Amino acid sequence: MNWLWSNLDLVGELMLVHLALSVPAIILSFVVSVPIGWLAHRYRWSRGVLLSICGLLYAIPSLALFIALPAFTGLSLRSPVNLVIALTLYGIAVIVRTSADAFDSVERDIRQSATAVGYSSAGRFWGVELPLAGPVLLSGLRVVIVSTVSLATVGAVIGVQSLGSLFTDGFQRGIQVEIITGIVATIVLALGLDALSVLLGRLLMPWTRRGSRNGRAAAARRIREESA
Amino acid sequence: MNLFLDAFAWLADPANWTGPGSIPQRLAEHLRVSALVLVIASAIALPLGALVGHTGRGREPAVMVSGGLRALPTLGVLTLFGIWIGIGLAAPVIALVILAIPPLLAGAYAGFESVDRRTIDAARAMGMRELQVVGKVELPLGMPIVVGGIRSATLQIIATATLAAYIADEGLGRFIFAGLKTRDYGEMLGGSILVILLALVIDGCFALTQRVVVPAGVRATRTAELRSRPTRSRAVVGRPNTEGNQE
């Protein structure tokens, strides 16, 4: 335990570095995959192609991608930007499917009603489809948050500093506490960001707050009760 | 593009294809460790997941385990077991098994759970015993999802086995770490290309398997559904659950 007390500064600093790596990757992958998911939802023919590409991307082992990416981008292997790009690609691979499902989950009747009351297609996207797809999008985002924070540690073996540096350093010097600290810190960071995203979701989507967590299930139950 | 030339030069070098530590030997090691881990992890997670999905009991803990373990950083688990057990094959195998359990468990319980309760009731009504319900109804119908779980677990194992070369002298990951140490980008990239190809080939095999294991009956209804899709939108036809259900 002595190691922990004398290295608290280091752990705090690495947590910040880790945040600086994973948060941009999480935000970027979310922002990029929402329109891709919408395309996959809107144009049937593109769905298979886009989802297959994401599936292939997801199948690539992380360490191999970290090494192969600089050959395409020309960046240095030890550049944090290289890692952020790789993490973003994985994030996209995870959320695109969820985001296509999210837009699918918006009922056709609702979309037609929105058009009927005079929404333009852009207005309908921002005012109707995106908010209603929100809860499913959030669930995808939560998966990406946890996997990105965990995956960022792998960068340590190619020399990109993060909480993963505690694993490589602890392994080389044989300090068990250092590795355990790294694992706990990574999980704490992942759960913290996850809680933050849930909070943000409640603020932005107040209608999901009360009643059942699943709005669609609640709506279905309501209809069943009415017709009974 | 020079970097790729280096990698292809490394891949084409005959010296890398024979003797100890050559590409075929590393590939065999990689496959052997992955298969071993997959068998052990499946033996633990699949029956457990099937039990959870069949009985519906213990669902919450199963979800928590499969979700919570995802946050576990693979490198951390590997290095921790590395210093606990020491250099050798045992440490990476145990670490890999722990990391492979969540997707297997999730696939198994989701697969068994996905079977329509009415189908299971019908099977019971026809006089099937509990084990027959599991073996003849739930398993075949849930199979595509179970195989999906095995697929993501296998990909995860192959990826983590690459990383496991950091703590053990084993697998294709050795080329990456050897290249990192000597700053030989050709070797690193060559090793990465091999790992990526391996993962993609295995993913392709699983994609085919997933298609093959769909029971013929399910496939038949699926095409029928495609054909009988209403030509008019639902707003005109009416909601299925308000239509015809009223007394």
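Residues numbered from 1 in each chain as written. Chains lettered and ligands numbered in written order. Predicted model: local features only at pLDDT ≥ 70, side-chain atom pairs only at ≥ 80, totals over all residues. Heavy atoms only, no water.

Some points on the UniProt feature "domain: ABC transmembrane type-1" (unreviewed entry) in chain B
Point 1. When the UniProt feature table is mapped to this numbering, "domain: ABC transmembrane type-1" (unreviewed entry) covers residues 27-206 of chain B.
Point 2. Regarding residues 27-206 of chain B, the helix share stands at 84% and the strand share at 0%, and the terminal C-alpha atoms are separated by 19 Å. (UniProt positions renumbered as here; feature names shortened; annotations may be inferred. Helix = DSSP H or I, 4+ residues; strand = E, 2+ residues; numbered from the N terminus.)

Observations concerning the UniProt feature "domain: ABC transmembrane type-1" (unreviewed entry) in chain A
Point 1. Under the UniProt annotation, the feature "domain: ABC transmembrane type-1" (unreviewed entry) is placed at residues 15-200 of chain A.
Point 2. Helix and strand shares over residues 15-200 of chain A are 84% and 0% respectively, and the end C-alpha atoms of the span are 21 Å apart.

Re a nonpolar patch on the surface
Point 1. On the surface, a cluster of nonpolar side chains totalling about 510 Å² of accessible area is made up of Ile180, Val184 and Val188 of chain A together with Trp84, Ile85 and Ile94 of chain B.
Point 2. Mapped by element, the contributors of at least two residues to the nonpolar patch are helix H9 (176-204) of chain A together with helix H4 (74-85) of chain B.
Point 3. Sort the elements by how many residues they give to the nonpolar patch and H9 of chain A lands first, with 3 residues.
Point 4. Residue position: Ile85 of chain B is located in helix H4.
Point 5. We classify Ile85 of chain B as partly exposed; its relative accessible area is 40%. (Patch = residues over 30% accessible without salt bridge, like charges linked within 9 Å, V, L, I, M, F, W, Y side chains within 5 Å. Areas by Shrake-Rupley, 256 points an atom, 1.4 Å probe, with all protein chains shown as cover. Salt bridge = Lys/Arg side-chain N within 4 Å of Asp/Glu carboxyl O. Buried < 20%, exposed > 50% of the residue type's maximum accessible area, 1.4 Å probe, protein only.)

Details of the interface of chain B and chain A
Point 1. With 40 residues of chain B at the contact, the number on the chain A side is 41 residues.
Point 2. Overall, the association of chain B and chain A removes approximately 3700 Å² of surface from exposure, summing both partners, and the carbon and sulfur fraction of that is 74%.
Point 3. Counting across the interface, chain B meets chain A through 0 salt bridges.
Point 4. Our enumeration of links across chain B and chain A arrives at 3 residue pairs in polar contact (both at pLDDT 80 or more).
Point 5. Of all the elements in the fold, those that place two or more residues in the side of chain B that touches chain A are helix H1 (2-12), H4, helix H7 (130-164), helix H8 (173-182), helix H9 (185-212) and helix H11 (234-237) of chain B.
Point 6. When grouped by side-chain class, the residues that make up the side of chain B that touches chain A number 26 nonpolar, 9 polar and 5 charged. (Contact = heavy atoms within 4.5 Å. Buried area = accessible area lost by both parts, 1.4 Å probe. Polar contact = N/O pair within 3.5 Å; in protein donor to acceptor, adjacent residues only side chain to side chain. Nonpolar A, V, L, I, M, F, W, Y, C, P; charged D, E, K, R; others polar.)

What about helix H5 (residues 90-113) of chain B?
Residue and element names in this part refer to chain B.
Point 1. Over its 24 residues, H5 runs 34 Å from end to end, which matches the ideal 34 Å to within 8%, given 1.5 Å per residue.
Point 2. Most pronounced at Ile101, the bend in H5 amounts to some 30 degrees, and the proline Pro102 follows within four residues.
Point 3. For H5, the buried fraction is high: 18 of the 24 residues fall into the buried class. (Expected span 1.5 Å × (residues − 1). Bend = angle between axes of the 7 residues up to and from the residue.)

Quick word on the packing of aromatic side chains
Point 1. For the structure shown, the criterion picks out 10 aromatic pairs over all chains.
Point 2. Seen from their ring centres, Phe171 of chain A and Tyr166 of chain B are 5.6 Å apart, and the 40 degrees between their planes marks the pair as tilted. You can see Phe171 of chain A sitting in helix H8 (residues 164-173) and its partner Tyr166 of chain B sitting in the loop between H7 and H8, one on each of two chains. A single burial state applies to Phe171 of chain A and to Tyr166 of chain B, both of which are buried.
Point 3. Feature note: the residues Trp38, Phe103, Phe125 and Trp126 of chain A constitute an aromatic cluster, connected by ring pairs.
Point 4. The cationic tip of Arg42 of chain A hangs over the ring face of Tyr43 of chain A; the distance from NZ or CZ to the ring centre is 5.0 Å. (Phe/Tyr/Trp six-rings, centres within 6.5 Å; stacked < 30°, edge-to-face > 60°. Lys NZ or Arg CZ within 6 Å of the ring centre and 35° of its normal.)

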